[in-house]
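Observations on the three-dimensional arrangement
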Amino acid sequence: AFVSFDVETGGDLCGIVKMSAQIFCFERGTSTPSIKTSSNDLFNEYIKPLIGAVWSQNAMSIHGISPDYEKIRDASKIEDVWSNFCSFIDDRVRPDEVVILLAYNGGSCDLKWLWKLTQAPNSTM
């Protein structure tokens, strides 16, 4: 299986403001992916940045998400969204299955944030 994911940030001093993903599975005995289009195979959650987060004008102009955005005001904390994301994958992938993460713009953005979220010592995310 592979998971195509994307994160949107409010900039370096704001952090992740949205996580999105879709799972694609391979049928056993074939190399043809079965593309899943049900809403159960899509993950899309907004994240409320920490109090005092500084939003980048450049980031807001790219994705249109801002501190005033209703879905940001009503969003969960990053820890809760990350837990939901992990459960989203765990609930859809067999224990014996290898999962590959594919990130849009991964090398310059998404993987940096994923590392901060999961591996960075004393991360404030």
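See above for the structure.
My aim in this report is to walk through the structure given alongside it, one point at a time.

Calculation notes
Residues numbered from 1 in each chain as written. Predicted model: local features only at pLDDT ≥ 70, side-chain atom pairs only at ≥ 80, totals over all residues. Heavy atoms only, no water. Phe/Tyr/Trp six-rings, centres within 6.5 Å; stacked < 30°, edge-to-face > 60°. Helix = DSSP H or I, 4+ residues; strand = E, 2+ residues; numbered from the N terminus. Buried < 20%, exposed > 50% of the residue type's maximum accessible area, 1.4 Å probe, protein only. 1 Å grid on protein atoms, 1.4 Å probe; cavity = no way out; pocket = protein on both sides within 12 Å on 5 of 7 lines; lining within 4 Å. Points joined across faces, edges and corners; volume = space filled by probe spheres on them. Salt bridge = Lys/Arg side-chain N within 4 Å of Asp/Glu carboxyl O. Core = buried A, V, L, I, M, F, W, Y, C linked by side-chain atoms within 4.5 Å. Contact = heavy atoms within 4.5 Å.

Scanning the model with the defined rule gives seven aromatic pairs in all. Centroid distance Tyr46 to Tyr69: 5.5 Å. Interplanar angle 55°. Geometry classified as tilted. Placement of Tyr46 in strand β4 (residues 42–46) and of Tyr69 in the loop between α1 (57–63) and α2 (70–73) is noted, with a sequence separation of 23 residues between them. Given the relative accessible area of 14%, Tyr46 is considered buried. According to the relative accessible area criterion, Tyr69 is partly exposed, its value standing at 31%.

Right, let's get into empty space enclosed by the protein. In this structure the tally under the stated criterion is one cavity of 30 Å³ or more. There is about 30 Å³ of room inside the largest cavity. Taken together, Phe5, Val7, Ile16, Met19, Asp110, Trp113, Leu114 and Leu117 make up the full set of residues lining the largest cavity. No other element matches helix α4 (residues 106–118), which puts four residues into the lining of the largest cavity.

What follows deals with the pattern of salt bridges. Under the counting rule described, the total for this entry stands at two salt bridges. The partner of Asp96 in a salt bridge is Arg94, with the nearest N and O atoms 3.4 Å apart. The class for Asp96 is exposed, based on a relative accessible area of 55%. Between Arg94 and Glu97 there is a salt bridge; the shortest N-O distance is 3.9 Å. Bridged by salt links that share partners, the residues Arg94, Asp96 and Glu97 form one connected network.

Within soluble globular proteins, side chains that are nonpolar tend to cluster in buried spots. Core analysis: the biggest nonpolar cluster contains 20 residues, and Phe5, Ile16, Met19, Ala21, Phe43 and Phe85 have the highest contact counts within it. At the level of elements, β1 (2–9), β2 (16–26), α3 (78–90) and α4 are the ones that each hand at least two residues to this core. In this view, Met19 contacts Asp6, Val7, Phe43, Asn44, Glu45, Ile47, Val81, Trp82 and Phe85; residues no more than four positions away in its chain are not counted. One finds Cys14, Tyr46, Ile65 and Ile72 within the second-largest nonpolar core, a separate group that totals eight residues.

On to the environment of Pro49, then. If you trace the backbone, Pro49 turns up in the loop between β4 and α1. Take Pro49: its relative accessible area is 15%, and that puts it in the buried class. Each C-alpha atom, one on Pro49 and one on Ser76, is 8.8 Å from the other, the two residues being 27 residues apart in sequence. Leave out the neighbours within four places in its chain, and Pro49 touches Cys14, Val17, Trp55 and Ile72.

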